[in-house]
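# Examining the three-dimensional arrangement
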Amino acid sequence: MLIGILGGGQLGRMLALAGYPLGLRFRGLDPNANAPLGQVAELVVAPYDDRLALERFAAGLDLVTYEFENVPGSTAEFLAARLSVSPPPEALIRSQDRLEEKRLFEECGIPVPRYAPVSGPDDFAQALDAVPLPALLKTRRLGYDGRGQAQIHTAEELALAWERLGGVPCLLEEFVPFEYEVSLLGVRSRRGEITFYTLVENRHVEGILAISRAPAPRASTALQTLAQQYVAAILNRLEYVGVLAVEFFVVGDRLLANEMAPRVHNSGHWTIEGAETSQFEQHLRAILGWPLGSTTPRGHSAMINLLSVIPPIEPILGLPNTHVHLYGKEPRPRRKLGHITVRADSAHERDELLRQVLEFVSFP
Ligand code: AMP
């Protein structure tokens, strides 16, 4: 089986590494010749909208998936007319636009922060009526890791922020004083079988994921059930196939959906060592129509992202139950270069190991 991956980043690389034991082969498509997937698989280097390159990429593939959600929807649809593409292009297209994404959450009965579309100055007054301050102005498209966002404390700041973000279509969104952030990874297979991982508690630094802990230390069983109900609604509505990650803000016993990613997700990297089946293997099983694996956690895990610089690896490898993953990327500010996973039998031991790893790691 030859699987095509749109995007050649670390997620694609980890998908391929999970697929080799299952006898799978991979071909990536990425505009960047140094994309990490290219170190372990065939890589077609071309822009995503290059039709001739897409034909070359598609030749001989059994199916296509993606590891990057800003692949143009038209690329996914072009390939879907020729091959099986999972997750469905609709999930990709709706997740690329924060307004479409929020509408999808609402259609599925999932609460979201108060928001209003801001396409231009004519919308300012209405948006300020609908959304209490402080708020965040977010570009509808191409925002990630906290990019494309501005804080709005006063009505006057809105016009300035909108211009600073490039005068593009935006959303004004209330600032949620959340207690903490969680994500849930749901997986639906081609057969309609659904599994979930345990809720993960995520800590972001300047909008970038820094640390994930699983199971989420503060989340109750009721919160897990609620999150599963919400994610199942999306999976079923889109007849989704593959891993879907949904990020939520926790406010008391409520969950407000922030955003979704129609792909394997950074907050699921702990599953490589910390769950019976990793998110990468599970995604492949799902898109191939194979039985899903067990998502049972192996004790308690934490994942620490390596951002901007790679710390000294040897002392970290000297810690018990500690695993290092490097993606083969050139260091650059705010860039995800690798991650570390620690695994332990109790939450207390896990947190102690996490503390030891953090002596070597810094965040931007
Ligand atoms: P996003 O790119 O929308 O996921 O935002 C990145 C991070 O910024 C989130 O994980 C939160 O930590 C923070 N953030 C985003 N939206 C809000 C909000 N409405 N209220 C409070 N914090 C937010």
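Keep in mind that this is a model prediction, so the values were computed, not measured.

With that settled, consider the packing of helix α2 (residues 51-58) against helix α3 (residues 73-80). Interhelical geometry of α2 versus α3 gives an angle of 45° and a closest axis separation of 11 Å. Relative to α3, α2 is oriented oblique. The crossing of α2 and α3 is right-handed. Here Arg 51, Leu 54, Glu 55, Phe 57 and Ala 58 of α2 come into contact with α3, specifically with Ser 74, Thr 75, Phe 78 and Leu 79. Counted by class, the contact of α2 with α3 contains 5 nonpolar, 2 polar and 2 charged residues.

Okay, the sheet that holds strand β2 (residues 25-30) next. Backbone hydrogen bonds hold the strands of a sheet together, and the pairing may be parallel or antiparallel. Spatially, β3-β2-β1-β4-β5 is the arrangement adopted by the 5 strands of the open sheet, whose pairing is parallel. Edge positions in the sheet fall to β3 (42-45) and β5 (84-85), since each of these pairs with one other strand and no more. Sheet analysis places strand β4 (residues 63-66) next to β5, joined by 2 bridges and oriented parallel. Counted as the bridge partner of Val 64 is Val 85 from β5. Running over the sheet, helix α1 (residues 10-19) touches β1 (2-6), β2 and β4 and is turned about 170° from β2.

Among the nonpolar cores identified, the biggest contains 33 residues, and Ile 3, Phe 26, Trp 270, Phe 280, Leu 284, Ile 287 and Leu 288 are the most heavily contacted of them. Split by domain, this core shows at least three residues from each of two domains, domain 1 (2-85) and domain 3 (180-358). When residues no more than four places from it in sequence are discounted, the contact partners of Trp 270 are Tyr 197, Thr 198, Val 200, Ala 214, Ala 275, Pro 297, Ser 301, Met 303 and Thr 341. Within the second largest apolar cluster, 32 residues are counted, among which are Leu 99, Tyr 115, Val 182 and Met 260.

This brings us to the site of the ligand. Every one of the 16 residues lining the ligand counts as a neighbour, but Glu 173, Glu 174, Val 176, Glu 181 and Glu 259 are closest to it. Backbone polar atom of Glu 174 to a nitrogen atom of the ligand: 2.8 Å apart, as the coordinates give it. Between the ligand and Glu 259 there is a distance of 2.8 Å, counted from an oxygen atom to a side-chain nitrogen or oxygen. Coverage of the ligand by the protein amounts to 93% of the 470 Å² it exposes when considered alone. Among the secondary structure elements, those contributing two or more residues to the shell around the ligand are β7 (135-139), β9 (170-174) and β15 (254-261). Counting the residues that make up the shell around the ligand, at least three belong to each of domain 2 (114-174) and domain 3 (180-358).

Attention now moves to the sheet that holds β9. Reading across the sheet, the 4 strands line up as β6-β9-β7-β8 and stay open at both edges, with antiparallel pairing between neighbours. The strands lining the two open edges of the sheet, one partner per strand, are β6 (115-118) and β8 (149-152). The sheet shows a mean angle of 25° between the axes of neighbouring strands, direction not considered. Across the sheet, helix α5 (residues 98-107) lies against β6, β7, β8 and β9, angled at about 150° from β6, the strand it touches most. The sheet strands contacting helix α7 (residues 155-164) are β6, β7, β8 and β9, and the helix crosses β8 at an angle near 170°.

Annotation of the chain at the domain level lists domain 1 (2-85), domain 2 (114-174) and domain 3 (180-358). Summarising the inter-unit geometry, the C-alpha centres of domain 2 and domain 3 are found 29 Å apart. Taken together, the 5 residues of domain 2 in the interface contact 7 residues of domain 3. The interface formed by domain 2 and domain 3 contains 0 salt bridges. At the boundary of domain 2 with domain 3, the tally comes to 1 residue pair in polar contact (both at pLDDT 80 or more). Considering only residue class, the side of domain 2 that touches domain 3 consists of no nonpolar, 1 polar and 4 charged.

The subject of this paragraph is the pattern of salt bridges. A full pass over the atoms with the stated rule returns 22 salt bridges. Between Arg 27 and Glu 42 there is a salt bridge; the shortest N-O distance is 2.8 Å. Note that Arg 27 is positioned in strand β2 and Glu 42 in strand β3, a separation of 15 residues in sequence. In this structure, Arg 350 engages Asp 351 in a salt bridge whose closest nitrogen and oxygen atoms are separated by 2.7 Å. Since its relative accessible area comes to 0%, Arg 350 is described here as buried. Its relative accessible area of 28% is what places Asp 351 among the partly exposed residues. Shared partners join several salt bridges into a network, and the residues in it are Glu 90, Arg 94, Glu 100, Arg 103, Glu 107 and Arg 237.

For the bond from Ser 86 to Pro 87, the omega torsion is -5°, close enough to zero to count as cis. Residue Leu 133 is joined to Pro 134 through a cis peptide bond whose omega torsion reads 0°. Mapping Pro 134 onto the fold places it in the loop between α6 (124-130) and β7. Backbone geometry at Asn 321 places phi at a positive 50°, although glycine is not the residue there. If you trace the backbone, Asn 321 turns up in the loop between α11 (313-317) and β17 (322-326).

What counts as what
- Numbers given for residues are sequential positions, taken from 1 along each chain in its written order.
- Local features in this predicted model are restricted to residues whose pLDDT is 70 or higher, and side-chain atom pairs enter the listing and the counts only when it is 80 or higher, whereas totals over whole chains, interfaces and linings include all residues.
- The side-chain values count all of the structure's non-hydrogen atoms but skip hydrogen atoms and water molecules.
- A fitted line through C-alpha atoms represents every axis, and for helices the fit uses only the stretch in contact; the resulting angles, taken between N-to-C directions, go from 0 to 180 degrees.
- Only DSSP runs of H or I with at least four residues qualify as helices, and only runs of E with at least two residues qualify as strands; both kinds are numbered from the N terminus onward.
- When describing relative orientation, an angle under 35 degrees is termed roughly parallel and one over 145 degrees roughly antiparallel, while 65 to 115 degrees is termed roughly perpendicular and anything else oblique.
- Put simply, a crossing is left-handed when the front helix is turned counterclockwise from the back one by less than a right angle, and right-handed when it is turned clockwise.
- Contacts are assigned to residue pairs that have any heavy atoms within 4.5 Å of one another.
- Throughout, the ten residues Ala, Val, Leu, Ile, Met, Phe, Trp, Tyr, Cys and Pro are labelled nonpolar, Asp, Glu, Lys and Arg are labelled charged, and all others, Gly among them, are labelled polar.
- What makes two strands pair is DSSP finding at least two bridges between them.
- Residues belong to a common nonpolar core when they are buried Ala, Val, Leu, Ile, Met, Phe, Trp, Tyr or Cys residues joined through side-chain atoms within 4.5 Å.
- Throughout this description, buried means an accessible area under 20% of the type-specific maximum (1.4 Å probe, protein chains only), exposed means over 50%, and partly exposed covers the range between.
- An automatic or database domain assignment supplies the start and end points of every domain.
- Working definition: residue near molecule or strand if any one of its non-hydrogen atoms lies within 4 Å of it.
- The term polar contact refers here to a pair of N or O atoms within 3.5 Å; inside protein, the definition further demands a hydrogen-donor-capable atom paired with an acceptor-capable atom, and it admits residues adjacent in sequence only when both atoms are side-chain atoms.
- Each accessible area is a Shrake-Rupley result for a 1.4 Å probe, and residues are judged covered by the shown protein chains and nothing else.
- One side-chain nitrogen of Lys or Arg within 4 Å of one carboxyl oxygen of Asp or Glu is enough to make a salt bridge.

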